[in-house]
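Structure assessment
Next come the chains, spelled out residue by residue.
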Amino acid sequence: MKLPRINLPPIPIVPTARALVLLALLAPVAAVVAATAPGAWIIAPAAGSALLLLVLIDGWLAGSMVNFDYFVPADVEVGQPAMLRVDATIERDSDASLPEASIGFEPRLGDRGVASFRLQPAGEASRFSGVGQAVPVRRGTGELHDLWLRWPGPLGLGVRQVHRTLDARISVWPDLSPVRSPVLQAFLRDSQFGLVARRIRGEGTQFEALSEYEPGMDRRRIDWKASARHTALYARENEAERDNQVVFAFDCGQSMCEPVDGLPRIDRAVSAALTAAYVALKGGDRVSLFGFADHPQVMTPFVTDTRAFYRLQSAAAELDYVPREPNFTLALATLTARLKRRSLIVLFSDFADPTSAEMMVESVERLVRHHLVIFVTMVDTELEDLAATEPDSMGDIAVAVSADALARQRALVLQRLRRLGVNVIEAPYERIGYNLIDLYLQTKRAEAIG
């Protein structure tokens, strides 16, 4: 998005750090002169005045800015760099250092809250251009609020500096880079559930057609009633069931707001879910998103076509970060009440203590009575590192023992879920998406959803 060109009023001259250091060094010189030759006291203020005059001259030689433009993208995906460009026209001495720009923004668009970069010559005389990056760490709308430009004179003693308040925004969406990855696209082209999906007869349980029985066919496929009517052997041809309901449920509570490799767990989960949702839509199934924390947040209608995939992306962008414990009982009861038929429910969650885990297990136990459930959680690498680190002190031993106890409790909870009939995926965040796709396709081929 290009923003209007800004014409500037006269710009003040500011001393650089080098000038301030030289001015500070004059203080001990003045003290020595005053102690050894009191009559020569005029040397110190004269030297200070000369330095200030040099700063003014150097700032004047820095040249004046005619105008500048800045460009920001309208939207970007979380975790992906947003390119911020500044173009400026500065009439200046070519021997001076290159201009510098800094753009300030809210923490949602980057941890440091500022992007600083140099402007390079842009080919034309007096034209400079530079590009900085902002890497968003949370979804939502991020604001850019300030822009600073400075360019020094040839001596590096004075700079011209301009500050302007910005009114620009960037919409931060879920990360869809796994959906666009060549690996997934190649998989979809070769898969029977993908871009060239075709009906493969003889698999699945959904009736497709009758055909004359031929030697070599499975005898269990013979339809005896139809054969009796036609006085010839006919076999049933089936295909894999489609139009299954798949719900991706997200715990947006406190545990899922914790960062994993720079991004919150919920954003890692959203990227994996949207990747699997795209594959499910290609497979002819219906997909919905459900988000909850201390109360249900979002439940989308079922999407039936990849052309409506943007609706899932928009709904996922609205999932909030809630620093409170999730209410599994209310959320999963609400989800169960809204589902009118057996569905595949993929639950993304995490737990930090046995109490919250117990509430989650009880709610999931009621859910598996009517639906097929996949529980997805990310490997807690920090907990594993704490438990495996060789201790050097009594404090390290206490930390390692506590971490090992938490890891054991986590393993017990996941084992309880498996005993309930829940399929559990526990993997690093970069693998959960592909593991989920594999398990989904395996479940679909087994006709376990309908």
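Residues numbered from 1 in each chain as written. Predicted model: local features only at pLDDT ≥ 70, side-chain atom pairs only at ≥ 80, totals over all residues. Heavy atoms only, no water.

**What about the sheet that holds strand β21 (residues 423-427)?**
The strands making up a sheet associate through hydrogen bonds between their backbones, and the pairing can be parallel or antiparallel. Going by this rule: DSSP calls a pair of strands paired once it identifies at least 2 bridges connecting them. Secondary structure elements are defined from DSSP: runs of H or I of at least 4 residues count as helices, runs of E of at least 2 residues count as strands, and each element is numbered from the N terminus. Convention adopted: a line fitted to C-alpha atoms gives each axis, helices being fitted over their contacting stretch, and angles between N-to-C directions are expressed from 0 to 180 degrees.
With mixed pairing, six strands are arranged side by side in an open sheet as β18-β17-β14-β19-β20-β21. If you trace the sheet from one side to the other, it starts and ends with β18 (296-299) and β21, each paired once. Within this sheet the neighbouring strands show an average axis-to-axis angle of 15°, counted without direction. Strand direction decides the pairing type here: strand β19 (residues 344-348) and strand β20 (residues 372-378), joined by five bridges, are parallel. Bridge pairing links Ile 345 to Val 373 in β20.

**Considering the packing of helix α9 (residues 354-367) against helix α11 (residues 394-419)**
Stated formally: Roughly parallel means an angle under 35 degrees; roughly antiparallel, over 145; roughly perpendicular, 65 to 115; everything else is oblique. Whether two residues are in contact is decided by their heavy atoms, any of which lying within 4.5 Å being enough. Residue polarity follows a fixed list, in which Ala, Val, Leu, Ile, Met, Phe, Trp, Tyr, Cys and Pro are nonpolar, Asp, Glu, Lys and Arg are charged, and the others, Gly among them, are polar.
Taken N-terminus to C-terminus, the directions of α9 and α11 make an angle of 5°; their axes are 10 Å apart at the nearest point. Classified by the angle between their axes, α9 and α11 sit roughly parallel to one another. The segment α9 lies against α11, with Pro 354, Ala 357, Glu 358, Met 360, Val 361 and Val 364 engaging Gln 409, Val 413, Arg 416 and Leu 417. Partitioning the contact of α9 with α11 into residue classes produces seven nonpolar, one polar and two charged.

**As for empty space enclosed by the protein**
Put simply, the rule is: The rule is simple: put a 1 Å grid over the protein atoms alone, call a set of points where a 1.4 Å probe fits but cannot get out a cavity, call an open set with protein on both sides within 12 Å along at least five of seven lines a pocket, and count a residue as lining if it has an atom within 4 Å of a point. Grid points are joined across faces, edges and corners, and a volume is the space filled by probe spheres set on the points.
Under the criterion given, the structure shown has five cavities of 30 Å³ or more. Lining of the second largest cavity is provided by Asp 251, Ser 255, Glu 325, Pro 326, Phe 328, Ser 349, Asp 350, Phe 351, Ala 352, Ser 356, Ala 357 and Met 360. A total of three residues in the lining of the second largest cavity trace back to one element, the largest contributor, which is α9. Of the residues assigned to the lining of the second largest cavity, the class counts are six nonpolar, three polar and three charged.

**Here we look at the layout of surface pockets**
Taken as a whole, the second largest pocket holds about 210 Å³ of empty space. As for the second largest pocket, its lining consists of 14 residues, and the residues nearest its centre are Pro 178, Ser 271, Ala 272, Tyr 429 and Glu 430. Listed by contribution, the elements that provide at least two residues to the lining of the second largest pocket are α3 (177-180), α6 (265-282) and α12 (429-445). Sorting elements by how many residues they give to the lining of the second largest pocket places α6 first, with five residues. A breakdown of the residues in the lining of the second largest pocket according to their chemical character gives six nonpolar, four polar and four charged.

**Side note on the nonpolar core**
To keep it simple, the criterion reads: To define a nonpolar core, start from buried Ala, Val, Leu, Ile, Met, Phe, Trp, Tyr and Cys residues and group those joined through side-chain atoms within 4.5 Å. A 1.4 Å probe rolled over the protein chains alone gives each residue an accessible area, and that area as a share of the maximum for its type sets the label: buried under 20%, exposed over 50%, partly exposed in between.
If you look at the biggest cluster of nonpolar residues, it comprises 51 residues, and the most contacted ones within it are Phe 248, Phe 250, Leu 312, Phe 348 and Leu 436. By residue number, the principal contributor to this core is α6, which donates 12 residues. Once residues lying within four places of it in the same chain are set aside, the contact partners of Leu 312 are Leu 274, Ala 277, Leu 281, Val 287, Leu 289, Thr 300 and Val 303. Core analysis: the second largest hydrophobic core is formed by 32 residues, Ala 101, Phe 105, Val 137 and Leu 263 among them.

**A look at the environment of Gly 48**
With respect to the element layout, Gly 48 can be found in helix α2 (residues 43-61). The spatial distance from the C-alpha of Gly 48 to the C-alpha of Ala 30 is 9.9 Å, given a sequence separation of 18 residues. When neighbours within four sequence positions are excluded, Gly 48 is seen to be in contact with Leu 23 and Leu 26.

**Points about a nonpolar patch on the surface**
As a reminder, the rule being used: Patch definition: residues above 30% relative accessible area lacking any salt bridge, with like charges linked at up to 9 Å and the nonpolar side chains Val, Leu, Ile, Met, Phe, Trp and Tyr linked at up to 5 Å. Using the Shrake-Rupley algorithm and a 1.4 Å probe, accessible areas are obtained, with residue cover drawn only from the displayed protein chains. The salt bridge definition used is simple: a Lys or Arg side-chain nitrogen within 4 Å of an Asp or Glu carboxyl oxygen.
Together, Leu 53, Leu 54, Leu 56, Ile 57, Trp 60, Leu 61 and Leu 155 make up a nonpolar patch on the protein surface, roughly 680 Å² of accessible area in all. As for its position among the elements, Leu 56 is in helix α2.

**With respect to the pattern of salt bridges**
Across all of its chains, the model carries 16 salt bridges by this definition. The salt bridge involving Asp 350 is made with Arg 410; its shortest N-O contact spans 2.9 Å. Remark: Arg 410 occurs in helix α11 and Asp 350 occurs in the loop between β19 and α9; sequence separation between them is 60 residues. In this structure, Asp 350 and Arg 410 share a single accessibility class: buried. The closest approach of N and O atoms between Glu 426 and Arg 410, which form a salt bridge, is 3.2 Å. One end of the pair, Glu 426, is in strand β21; the other, Arg 410, is in helix α11, with 16 residues separating them in the sequence. Here Glu 426 falls in the partly exposed class, since its relative accessible area comes to 35%.

**Points about the environment of Ala 226**
Of note, Ala 226 is situated in helix α5 (residues 224-230). With 16 residues separating them in the primary sequence, Ala 226 and Leu 210 have C-alpha atoms 8.6 Å apart. Ignoring anything within four residues of it in the chain, the contact list for Ala 226 reads Leu 210 and Tyr 234.

**Here we look at unusual backbone geometry**
The phi dihedral of Asp 261 is positive, around 55°, even though this residue is not glycine. Within the fold, Asp 261 resides in the loop between β15 (259-260) and β16 (263-264).

**Digging into α12**
Note the following rule: Each residue after the first adds 1.5 Å to the expected span of a helix.
Here α12 is 17 residues long and its end C-alpha atoms lie 25 Å apart, about the 24 Å a rise of 1.5 Å per residue gives. Regarding α12, the residues found buried are Ile 432, Gly 433, Leu 436, Ile 437, Leu 439, Tyr 440, Leu 441, Thr 443 and Lys 444. Positive backbone phi, approximately 55°, marks Glu 447, located one or two places after α12.

**Considerations on the packing of helix α8 (residues 328-338) against α9**
The criterion, for reference: Crossing chirality is assigned from the near helix's rotation relative to the far helix, an anticlockwise turn below a right angle marking it left-handed and a clockwise turn marking it right-handed.
One can describe the packing of α8 onto α9 by two numbers: an axis separation of 9 Å at closest approach and a directional angle of 15°. Our classification of the angle between α8 and α9 gives roughly parallel. The two elements α8 and α9 meet at a crossing, and its hand is right-handed. In this structure, α8 uses Phe 328, Thr 329, Leu 332 and Thr 336 to contact α9, whose residues at the interface are Ser 356, Met 359, Met 360, Ser 363, Val 364, Arg 366 and Leu 367.

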